Amino acid sequence: MKKAAIFSVLIFVMSISLFGQQFQKPSEGKTLVYFVRYQGSVALIDFKYFDGEKYLGRVSGNNYVLYECDPGEHVFWVLAENQEFIKGNFKPNCTYVIEVRPFQRVVSAGVNLFQISPDDKKALKSIKTLFSKKEPAELKGQDVDQSIHINAAMGQFRAGKGKVREFNTDWTF
């Protein structure tokens, strides 16, 4: 009986530490965006991350990246075999989460972007499991010229071509 009680308390404490982990807050007056990639069969493929016409860098694998920026209008996008955009007017002192979900394409991997709701318990459980296993990844290769990709993708965005998701800036963490 005593062992069962100790075991129950241990499980309870572990569940609190796993689910009690909080998303970081941005610096005062800034916005913090998590790009989270926690599922997909093409985990080794690098994806390139952008904030409008600014190349942020690349990262591969099931991982997460923190990006702090000024509040206001942003068009975040990720480049794979395709590119996908998500836009919104981001609030100061708020943290947001974007899921980067890879999928298999003909030659390489494609990508979809989804905003994570604070009410999505299934996604949050997977994300917090990822947090417990890994530190945030660092975006690499920011010094590589991506102007060809930026000009092409932003041209499509401005022309209204391609998939653009609207961001719900009330979904904060």
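In this text, all values refer to a predicted model and were calculated from it rather than measured experimentally. (Residues numbered from 1 in each chain as written. Predicted model: local features only at pLDDT ≥ 70, side-chain atom pairs only at ≥ 80, totals over all residues. Heavy atoms only, no water.)

Caption draft 1: Local environment of the overall build of the chain. A tally of regular secondary structure across the chain gives three helices and nine strands. Ordered by position in the sequence, the α and β elements of the chain form the string α-β-β-β-β-β-β-β-β-α-α-β. Per-residue burial for the chain yields a buried fraction of 41% across its 173 residues. The contacts of the chain with a sequence gap of at least 6 include a subset with a gap of at least 24, amounting to 70%. A total of about 9,800 Å² of accessible surface is found on the chain, and carbon and sulfur atoms cover 55% of it. (Helix = DSSP H or I, 4+ residues; strand = E, 2+ residues; numbered from the N terminus. Buried < 20%, exposed > 50% of the residue type's maximum accessible area, 1.4 Å probe, protein only. Contact = heavy atoms within 4.5 Å. Areas by Shrake-Rupley, 256 points an atom, 1.4 Å probe, with all protein chains shown as cover.)

Caption draft 2: Local environment of helix α2 (residues 121–133). Across its 13 residues, α2 extends 19 Å between first and last C-alpha, which sits within 8% of the 18 Å expected from 1.5 Å per residue. What α2 keeps buried is the set Ala123, Leu124, Ile127, Lys128, Leu130 and Phe131. The arc enclosing the buried residues of α2, seen along the axis, measures out at 155°, which places them on a common side. Away from its buried face by more than 90 degrees, α2 exposes Lys121, Lys122 and Lys133. (Expected span 1.5 Å × (residues − 1). Arc of directions from axis to C-beta.)

Caption draft 3: Layout of the side chain of Asn112. As for its placement among the helices and strands, Asn112 is situated in strand β8 (residues 109–115). Overall, the relative accessible area of 17% leaves Asn112 in the buried class. Residues in contact with Asn112, not counting those within four places in the same chain, are Glu84, Glu99, Val100, Arg101, Phe103, Lys163 and Arg165.

Caption draft 4: Representation of the pattern of salt bridges within the structure. Counted by the stated rule, this structure contains eight salt bridges. Across the salt bridge formed by Arg58 and Asp46, the nearest N and O atoms sit 3.0 Å from each other. Here Asp46 lies in strand β2 (residues 46–51) and Arg58 lies in strand β3 (residues 54–60), a separation of 12 residues in the sequence. The class for Arg58 is partly exposed, based on a relative accessible area of 30%. With a relative accessible area of 34%, Asp46 lands in the partly exposed category. Sharing partners across several salt bridges, the network here consists of Glu84, Lys163 and Arg165. (Salt bridge = Lys/Arg side-chain N within 4 Å of Asp/Glu carboxyl O.)

Caption draft 5: Highlighting the side chain of Thr169. With respect to the helices and strands, the residue Thr169 is situated in the segment after β9 (164–166). Apart from residues no more than four positions distant in its own chain, Thr169 is found in contact with Asn89, Phe90, Lys91 and Tyr96.

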